[in-house]
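A structural walkthrough
So the chains spell out like this:
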Amino acid sequence: MNIPQTLIAFYCISIAPLHITHAQESAPTKGSDTAPDSEGFSIILPDTEAKDESSTDTKNASSEDLTLELPDTSEQGSRESDETIYILDDFVVTSEGDKGYYSANSISATRTNALVKNTPISLTVINEQMMEDLNILNDQDLVRATASVTQDPDGFSLNQLRIRGFRSLTQRYDLFWREIERDGYNIQRVDIVKGANSLMYGQADPGGQINSVPKLAQIGNNFANVKATVGNKDYLRGEFDVNHTLSDEVAVRVMGVDFSRELDQLYEYADLRGATIEASYRPTNNTQLRAHIEYIDLDQNLAPNMFNSTSNDSRFAKNSFPDETTFNNVPNPPNPNANRETFTLGTYRNEFIYSPDAIDYLPQAIIDDLVLDAGYAAQLGIDPEDVTRDVLKQIYAPWASQDDRYSVTGPDKFNRRQGLITTFDWTQRISDSLQAKIAVNREDDDREALARDGYGAGRVQSDNSGPRAYDPYVETFWRKQDGRTQANALKSTLLWDIELDNDLPLIGGSEHKLLLGADWDQLLRDSKMYHQLQEGTVLRDGADFNSGDLLNERFYLSDGFGPNTPNIGYNGRDDLFALRQQTEVDIQTQSLW
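A few points on the structure. Everything numeric in this text was worked out from a predicted model, so none of it was measured.

Thoughts on the sheet that holds strand β10 (residues 166-168)
- What the 3 strands build is an open sheet, ordered β8-β9-β10; its pairing is antiparallel. Here the strands that pair on one side only, and so sit at the sheet edges, are β8 (149-151) and β10. Along the sheet, successive strands turn relative to each other by an average axial angle of 35°, direction set aside.
- In this structure, strand β9 (residues 161-163) lies alongside β10, joined through 3 bridges in antiparallel fashion. The partner of Ile163 across the bridge, within β10, is Phe166.

Written out as structure tokens, the structure is:
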């Protein structure tokens, strides 16, 4: 039985520094109405200053006095005039203007801090407040917060979505392409740009793009936050976030997360550990340097989320001609006497979902066309042509009631990934109307995976002979994968603020932003795929093999996929793997805009 994820405990500590001083007061002067000598403690909140003595009416105090000193707003104007003012906000968006779930500005649409209402695209902003309230931790959690974003039913990654119906395989972090999964512990907000957006992102998915805006180091602000979350299904999550100002020009922010949980299906789990260092440096009023270094270690086991009926299910008679989309695009049966090679349900919409719930949506014409195998119909005690919705549900129901359905992948499947992401950017204000930014990014992603072949593991078959005739099963083999991905990128942007002369007709006095950019991206990938073969297989031409050489293992649905199911775990035969495919990729793109 699947239990929805429920958080049952939450603990948060927020620490801000206090300055505590101990002072010995001097004796009062003659005529003064202050108290005599006394010892006292003074607690000064961060970023406050002592009050002007001329405006303070001192009260009598006991020998041990606790005084809370607050800032005097009357001096705020003079203090602000002495502070250094940094004007570098065109390439940075903050949460200062956010009100609840409303965010007026975004950086993801134009690469500059722009009002959402002035952006001519469909843009949704999920700010930090909404992420906190809705517990949005990864990309798939976004389906709870915005329309047109859905979970990919065929996905084997927490970073894979569908936007406006189109699959979106990779997302963005700080405007850079990112393959390895992201987590909300170091994300300030998430911007969802819907629709085509290649102008800003180069190669992009037609449905849209998701860009996560990172949390930045804050100069002039010190804080430390620690948070822990506990829930059912062994949900454990711990986070920390520490920001410290080293000087008037330098601040460092360190963040980390340790997260583990089980998912809905048997054996499914996800473990994540990550750490991030953010640093900001402002050597002058018009210059800012920033560094982002992030490490992530991910281990997960995600099971298939559905099975399909196939043409190899012997419980049904072959009542249909070959499907034109499956058999070499043959347009129509060549003649009425052609051999019927499959059954209708096995080819309906490229293999029908193997579930009793799907029967309710099956067209009646398909059901009327179905014919059962004579031997299987005899077991059910019905005529082979008496196929109804209730009969189909009866066929599927015993399997669908099992709690461990779909878990044929077993307990030993894993997908381990380690990634290191580094970003450095330089922002320079050249003049009052001209500002430039250059950013470089590199992602190194190492991957190692062991799993059963997903195609065979999701296709239900049956035989019409043998001791387990008509007993449905899936048949699959082990495969492993290892590889490395490296992504390098450089993005440069020049922003020119233009105010047109008032004498111009119609557009006089209007303000405009002109953006010029040059981008370079490189993707390097080297991956290897290995298949497990039967012992004694002789490879052809030194390395070639076919499907008959694979070490397939059969699992009957009626046996379930629990821990005691024979062969559900990995067989340990590392020596039987042979290289099936090696892919080496070097893709470079350049753009001027």
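Remarks on the packing of aromatic side chains
- By the definition in use, this model includes 7 aromatic pairs.
- When the centroid spacing of 5.3 Å and the interplanar angle of 80° are considered together, the rings of Trp478 and Tyr570 count as edge-to-face. Pair noted here: Trp478 is in strand β25 (residues 478-499) and Tyr570 is in the loop between β27 (553-556) and β28 (577-592), with a separation of 92 residues, a long-range link.
- Judged by relative accessible area, which is 0%, Trp478 ranks as buried.
- On the numbers, 6.5 Å between centres and 25° between planes, the contact of Tyr570 with Phe577 is stacked.
- Given the relative accessible area of 21%, Tyr570 is considered partly exposed.
- By relative accessible area, which is 13% here, Phe577 ends up buried.
- Members of the aromatic cluster, each reached through a chain of ring pairs, are Trp478, Tyr570 and Phe577.
- Across from the ring centre of Tyr530, 5.6 Å away, lies the NZ or CZ of Lys480, which sits over that ring.
- The residue whose ring lies beneath Arg554 is Tyr473, and the NZ or CZ to ring-centre distance is 3.8 Å.

Brief notes about helix α8 (residues 389-400)
- Over its 12 residues, α8 runs 16 Å from end to end, which matches the ideal 16 Å to within 8%, given 1.5 Å per residue.
- Of the residues making up α8, those classed as buried are Val391, Leu392, Ile395, Tyr396, Trp399 and Ala400.

Side note on the pattern of salt bridges
- Going through the model one piece at a time under the given rule, you end up with 31 salt bridges.
- A salt bridge links Arg468 to Asp559; its shortest N-O distance comes to 3.0 Å. A residue pair is termed long-range when its members are at least 10 positions apart, and Arg468 in the loop between β23 (459-462) and β24 (473-476) and Asp559 in the loop between β27 and β28 qualify at 91 residues.
- Of the residues examined, Arg468 reaches a relative accessible area of 30% and is grouped as partly exposed.
- For Asp559, a relative accessible area of 42% gives the class partly exposed.
- Asp519 is the salt-bridge partner of Lys491, the closest N and O atoms lying 4.0 Å from each other. With Lys491 in strand β25 and Asp519 in strand β26 (residues 511-532), this residue pair connects regions lying 28 residues apart in the sequence. Like Lys491, the residue Asp519 is buried in the burial classification.

Concerning the nonpolar core
- Core analysis: the biggest nonpolar cluster contains 31 residues, and Phe307, Leu392, Ile395, Val474, Leu557 and Phe561 have the highest contact counts within it.
- Every element with two or more residues in this core is listed here: α5 (356-359), α6 (364-369), α7 (374-380) and α8.
- At 6 residues, the largest contribution of residues to this core is made by α8.

Describing the side chain of Asp183
- You can see Asp183 is positioned in the loop between β12 (176-178) and β13 (187-194).
- Polar contacts involving the side chain of Asp183 include one to the main-chain amide nitrogen of Tyr185, which spans 3.1 Å.
- A distance of 2.6 Å separates a polar atom in the side chain of Asp183 from a polar atom in the side chain of Arg237.
- For Asp183, the contacting residues outside a window of four places in its chain are Leu137, Arg237, Val257, Phe259 and Leu272.

Points about the sheet that holds β13
- The sheet built from 5 strands is open, its strands ordered β7-β13-β14-β11-β12 with mixed pairing. Two strands bound the open sheet, and with one partner strand each, they are β7 (122-126) and β12. Taking each pair of neighbouring strands and ignoring which way they run, the sheet shows an average axis angle of 30°.
- Sheet topology note: the β7/β13 ladder contains 5 bridges and is antiparallel. For Ile126, the partnering residue across the bridge sits in β13 and is Val190.

A closer look at the pairing of strand β18 (residues 269-284)
- Judged from the 13 bridges that link them, strand β17 (residues 250-262) and β18 form a sheet pairing that is antiparallel. Residue Val254 lies in a different strand from β18, and its bridge partner there is Ile277.
- Hairpin geometry of β17 and β18 is characterised by an intervening segment of 6 residues between the two adjacent antiparallel strands and by a positive phi of about 80° at Tyr267.
- Where β18 meets strand β19 (residues 287-301), 14 bridges bridge the pair, whose relative direction is antiparallel. Considered in β19, the bridge of Thr284 is made with Thr287.
- Hairpin connection between β18 and β19: a loop of 2 residues separates the two successive antiparallel strands.

A word on the environment of Glu179
- Of note, Glu179 is situated in the loop between β12 and β13.
- For Glu179, a relative accessible area of 17% puts it in the buried group.
- Between the C-alpha atoms of Glu179 and Gln486, which are 307 residues apart in sequence, the distance is 9.6 Å.
- A distance of 3.2 Å separates the side chain of Glu179 from the side chain of Arg417, its partner in a polar contact.

So, how was this worked out
Residues numbered from 1 in each chain as written. Predicted model: local features only at pLDDT ≥ 70, side-chain atom pairs only at ≥ 80, totals over all residues. Heavy atoms only, no water. Pairing = 2+ DSSP bridges. Helix = DSSP H or I, 4+ residues; strand = E, 2+ residues; numbered from the N terminus. Axes fitted to C-alpha atoms, helices over the stretch in contact; angles between N-to-C directions. Phe/Tyr/Trp six-rings, centres within 6.5 Å; stacked < 30°, edge-to-face > 60°. Buried < 20%, exposed > 50% of the residue type's maximum accessible area, 1.4 Å probe, protein only. Lys NZ or Arg CZ within 6 Å of the ring centre and 35° of its normal. Expected span 1.5 Å × (residues − 1). Salt bridge = Lys/Arg side-chain N within 4 Å of Asp/Glu carboxyl O. Core = buried A, V, L, I, M, F, W, Y, C linked by side-chain atoms within 4.5 Å. Polar contact = N/O pair within 3.5 Å; in protein donor to acceptor, adjacent residues only side chain to side chain. Contact = heavy atoms within 4.5 Å.

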